[in-house]
Amino acid sequence: MMHQIIIFGYDEYAKEIALAFKNTQTLIQIYLFDEFSCKQAIDDGYTADLVELDDDWLDIKKKFNVHSLMCFCALADDAKNVFLTLSLRAQYPLLHIVSLATSEQSAQKLRLAGATKAIAKLETTAHIIVESLERPIAVKVLNEIIYEKNGLSMQEFTILKDSALCEKDFSELLELSEDYEIIILTLYDKEKNMHFTYSNEVESLKLLEGSVLVIMGKDKDIQNFQKEVL
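Note that this is a predicted model, so its numbers are computed, not measured.

### Remarks on the sheet that holds strand β1 (residues 3–8)
Backbone-to-backbone hydrogen bonds join strands into a sheet, with any given pair of strands oriented parallel or antiparallel.
1) Next: Read from one edge of the open sheet, six strands run β3-β2-β1-β4-β5-β6, paired in parallel fashion. Bordering the open sheet on either side are β3 (47–50) and β6 (117–120), each of which pairs with just one other strand. Recorded for the sheet is a direction-independent mean angle of 20 degrees between the axes of neighbouring strands.
2) Next: Bridge count between strand β5 (residues 96–101) and β6: four bridges; the pairing is parallel. Counted as the bridge partner of Ala101 is Ala120 from β6.

As structure tokens, then:
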């Protein structure tokens, strides 16, 4: 089934969202509020239209199935994102709306405005991991925006029965991570119970077969850790 998304805006975050979906079975529509951004999006190969912020968005219902549509409100201006989110929610009560904000305070305003999901661009890594576990495409988008631009990547590894880590204490893993200059972000088990490195409970945890580690670091450091430890 062809997925459908609408992106409002074309700043660096909106571009990353569009790029993540570009080579998938997804119909991408971009709406812009200035001619320069609209031309840029079209030149990049997207379907883009120039609209007014006070439009009632009735054309969305004519072009898309609003029950399966996902809208990304990714305007650079928080106030405009709030107004846009309010307008979309008033018109389409069941629409899935993902809105970006420059801060957690602005994200809260977007939630009150009706966003299904409001993401602060500087959201904590732990929250990103939890929210994105059930949405693989979100992992890809956030990974590119937050980590790759800083020369870092985030990877998952499953602890196997014959792994040197199996049955070891989590505290031992944390000590090893310092030697390899990587960060252990979280551990989750088969039931998707999350355990973060900054919580007190991790000291008493054992690394069991089938548990999954989420690791952040430079590619070469992660590769060395995978080869020599995992």
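### Examining a negative patch on the surface
1) Next: A cluster of acidic residues, Glu172, Glu175, Glu178 and Asp179, forms a negative patch at the surface.
2) Next: Structurally, Glu175 is set in helix α8 (residues 170–179).
3) Next: Taking relative accessible area as the criterion, Glu175 reaches 56% and is therefore assigned exposed.

### Focus on the confidence of the model for the protein
1) Next: On average, residues of the protein carry a pLDDT of 80, and 77% of them reach 70 or more.
2) Next: Taken element by element, the predicted model of the protein shows its lowest mean pLDDT in helix α6 (residues 125–132) (49) and its highest in helix α2 (residues 35–43) (95).

### Focus: the nonpolar core
Generally speaking, a soluble globular protein has its nonpolar side chains buried in company with each other.
1) Next: In this structure, Ile5, Ile7, Ile28, Ile30, Leu32 and Phe72 are the most contacted members of the largest nonpolar core, which totals 21 residues.
2) Next: Of all elements in the fold, only β1, α1 (12–22), β2 (26–32), α2, β4 (70–73) and β5 reach the threshold of two or more residues within this core.
3) Next: No other element matches α1, which puts five residues into this core.
4) Next: Once residues within four sequence positions are removed from consideration, Ile7 is found in contact with Ala14, Ile17, Ala18, Ile28, Gln29, Ile30, Tyr31 and Phe72.
5) Next: Ile182, Leu213, Ile215 and Val229 belong to the second-largest nonpolar core, a separate cluster that totals 17 residues.

### Examining α8
1) Next: Within the sequence span of α8, burial applies to Phe170, Leu173 and Ser177. The arc that holds the buried residues of α8, viewed along the axis, is 50 degrees, so those residues lie on one side. Set apart from the buried face of α8 by more than 90 degrees, the exposed residues are Glu175, Glu178 and Asp179.
2) Next: Among the structural elements, β8 (183–188), β10 (212–217) and α9 (219–228) are those in contact with the buried residues of α8.
3) Next: Once α8 finishes, Glu181 follows within two positions and takes phi at roughly 55 degrees, a positive value.

### A short note on the environment of Leu213
1) Next: Along the chain, Leu213 turns up in strand β10.
2) Next: Taking the C-alpha atoms as reference points, Leu213 and Phe157, 56 residues apart in sequence, are found 5.2 Å from one another.
3) Next: Excluding residues that lie within four positions of it along the chain, Leu213 makes contacts with Gln155, Glu156, Phe157, Ile159, Leu165, Phe170, Leu173, Ile184, Thr186, Leu187, Leu207 and Leu230.

### Focus on the environment of Asp219
1) Next: Residue position: Asp219 is located in helix α9.
2) Next: On a C-alpha basis, the gap between Asp219 and Gln155 in space is 9.4 Å, while along the polypeptide they are 64 residues apart.

### Digging into the packing of helix α4 (residues 78–91) against helix α5 (residues 104–113)
1) Next: Relative orientation of the contacting elements α4 and α5 amounts to 15 degrees, with a least axis distance of 8 Å. As summarised for this structure, α4 and α5 are arranged roughly parallel, according to the angle between their axes. Read as a crossing pair, α4 and α5 show a hand that is right-handed. When α4 is examined against α5, the residues Asp78, Asn81, Val82, Thr85, Leu86 and Arg89 are found in contact with a partner set consisting of Ser106, Lys109, Leu110 and Ala113.

What counts, and at which threshold
- Residues numbered from 1 in each chain as written.
- Predicted model: local features only at pLDDT ≥ 70, side-chain atom pairs only at ≥ 80, totals over all residues.
- Heavy atoms only, no water.
- Pairing = 2+ DSSP bridges.
- Helix = DSSP H or I, 4+ residues; strand = E, 2+ residues; numbered from the N terminus.
- Axes fitted to C-alpha atoms, helices over the stretch in contact; angles between N-to-C directions.
- Patch = residues over 30% accessible without salt bridge, like charges linked within 9 Å, V, L, I, M, F, W, Y side chains within 5 Å.
- Areas by Shrake-Rupley, 256 points an atom, 1.4 Å probe, with all protein chains shown as cover.
- Salt bridge = Lys/Arg side-chain N within 4 Å of Asp/Glu carboxyl O.
- Lys, Arg positive; Asp, Glu negative; His and termini not counted.
- Charge placed at Lys NZ, Arg CZ, Asp CG, Glu CD.
- Buried < 20%, exposed > 50% of the residue type's maximum accessible area, 1.4 Å probe, protein only.
- pLDDT = per-residue confidence, 0-100.
- Core = buried A, V, L, I, M, F, W, Y, C linked by side-chain atoms within 4.5 Å.
- Contact = heavy atoms within 4.5 Å.
- Arc of directions from axis to C-beta.
- Parallel < 35°, antiparallel > 145°, perpendicular 65-115°, else oblique.
- Left-handed = near helix turned anticlockwise from the far one by under 90°.

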